[in-house]
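An overview of the molecular structure
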Amino acid sequence: MFKIKKQLSKLYLMSVLGNLSLTGAWVAILAARGYSLVEIGIVETVFHITSLIFEIPSGILADVFGRKKMLIVSSIMRMIGSIIMILSNNLFMICLSIAFHALSYNFSSGTGDALAYDSLKIAKMESGFEKYVSNQLIIYRLCSGISTLCAGFALFLGHKIAYGTDLVTGVIQILILASLCEVYAGDESAGKSRRSLTDIGRELIACIRESLSFLKGARKAIGIMMCNSFVGAVDILLLFFLQAKLQGKMPQWGLGLALLFMEMGGIVGSKLILKLPKLKYSSVFVITAMLVFAGVMAEHSSMWSVMALGGFLAAVGDDAIQVRTNAILQDMFPSEQRATLTSAESFSFSVIMIMLSPLAGFAFTYW
């Protein structure tokens, strides 16, 4: 018998294991190994290019072969990336490692949400999906903050031991994932037909065609994706640059606490939006965009406390619109292409990130 509480609990646990890591401060780890900022920038570029190329294909594979299987593939990709990083002794191997970590992200992003929504739909509890997204974002923010605080410990242990702990985590993840229930909330006969097809190539093409057909006639969904991606990209870039800017304006011992404080803004936003279920999406976008813009303005303050508060407000806006966006889009997406279309949202975020990154770098340097 399918038990929704156990299913969601396992997905929550997967999120904890996936975001709580000694290797979260991988930039600091590479810098400690002697790699320059230019080389680290190259590694970052490899991550984004890999993610951009494989984001939508990974969603298609999840819809065709099963979300549970692709989540297991995600854990395997992460473990391969960690093994390569442990053995790495040059920039090429590090780029190869980070590419596998990007693939791990691709195979998990959207797939878990698709599995969770279909699970809730089968249990006739899909109205609880917004709360599920809120909880996932809280887990992400908490684990990211804790990982940031542990950065110094990771440097003390060294990159080999730090990435070795990821291997242990990966094994635990696979064991948990193996116990998940693969669910499909579409037409039952259609689901059986999909699973019995031998011509996988034709099925992949069909999934792509159906997803493109949906997006072509769903301008509202595309608009929502772009609004959410814009707010999220500005917040991520702001928090990234604040990490560097705060180092010169506050005591070193307080940097981790300041970064943790900013991450907590996301928890406030993800909880606050649940209190406003009737607020129109256009209003949500305007309010959250204003919060992120306020954060950008605060970045140029001479006071580190104001800068940290700006990062906090931006995180409030980012997670608030993310929760509402995910709930609206999952209600719109057909189950047969749910993971594919969720990956399309992540794809739009990557595109906007690539467009805004150089502009943000210029603004950070000269403004």
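Residues numbered from 1 in each chain as written. Predicted model: local features only at pLDDT ≥ 70, side-chain atom pairs only at ≥ 80, totals over all residues. Heavy atoms only, no water.

Some remarks on the nonpolar core
Where we set the bar: The set of buried Ala, Val, Leu, Ile, Met, Phe, Trp, Tyr and Cys residues whose side-chain atoms join them within 4.5 Å is what this entry labels a nonpolar core. For each residue, the accessible area found with a 1.4 Å probe, counting protein chains only, is set against the maximum for its type, and the residue is called buried under 20%, exposed over 50%, and partly exposed in between. Elements are defined by DSSP. Helices are runs of H or I of four residues or more, strands are runs of E of two residues or more, and each kind is numbered from the N terminus. Residues count as neighbours in contact if any of their non-hydrogen atoms are within 4.5 Å of one another.
Grouped together as the largest cluster of nonpolar side chains are 47 residues, with contacts concentrated most on Leu8, Leu11, Phe129, Tyr132, Leu242 and Leu246. In terms of residues, this core owes the most to one element, helix H12 (residues 219-247), which gives nine residues. Residue contacts for Tyr132: discarding those within four places in its chain leaves Leu8, Leu11, Tyr12, Gly112, Asp113 and Ala116. Grouped together as the second largest cluster of nonpolar side chains are 15 residues, Leu22, Ile40, Met85 and Ala154 included.

Re the packing of aromatic side chains
Spelled out, the test is: Each pair of aromatic rings taken from Phe, Tyr and Trp, with Trp reduced to its six-membered ring, is defined by centres within 6.5 Å and is described as stacked if the planes are under 30 degrees apart, edge-to-face if over 60, and tilted in the remaining cases.
Using the criterion set out here, one finds five aromatic pairs in the structure. Each ring, one from Phe47 and one from Tyr105, has its centre 6.3 Å from the other, and the planes form 45°; the classification is tilted. Residue Phe47 is found in helix H3 (residues 37-65), and its partner Tyr105 is found in helix H5 (residues 91-108); the two are separated by 58 residues along the sequence. For Phe47, a relative accessible area of 22% puts it in the partly exposed group.

Some remarks on the pattern of salt bridges
Spelled out, the test is: One speaks of a salt bridge when a side-chain nitrogen belonging to Lys or Arg is within 4 Å of a carboxyl oxygen belonging to Asp or Glu.
For the structure on display, the rule yields seven salt bridges. A salt bridge links Glu263 to Arg141, with the nearest nitrogen and oxygen atoms 2.9 Å apart. Of this pair, Glu263 sits in helix H13 (residues 255-272) while Arg141 is found in helix H7 (residues 129-149), placing the two residues 122 residues apart along the sequence. Note on Glu263: relative accessible area 14%, which makes it buried.

A few points about unusual backbone geometry
One non-glycine residue with positive phi stands out, namely Lys124, at about 60°. Along the polypeptide, Lys124 turns up in the loop between helix H6 (111-122) and H7. By relative accessible area, Lys124 is classed as exposed at 73%.

Observations concerning the confidence of the model for the protein
Caution is warranted with low-pLDDT regions, since their predicted coordinates should not be read in detail. As a reminder of what qualifies: A residue's pLDDT is the confidence the predictor assigns to it, expressed on a 0 to 100 scale.
Overall, the predicted model of the protein reaches an average pLDDT of 83, with 85% of residues at or above 70. Helix H4 (residues 67-87) holds the highest mean pLDDT among the elements of the protein, 94, whereas helix H10 (residues 188-196) holds the lowest, 44. Considering only residues more than four positions removed or in separate chains, one finds that residues 187-197, a stretch of pLDDT under 50, has eleven contacts.

Looking at the side chain of Ser15
Relative to the helices and strands, Ser15 resides in helix H1 (residues 4-19). For Ser15, a relative accessible area of 12% puts it in the buried group. Ignoring any residue separated from it by four or fewer positions in sequence, one finds Ser15 in contact with Gln136 and Ile139.

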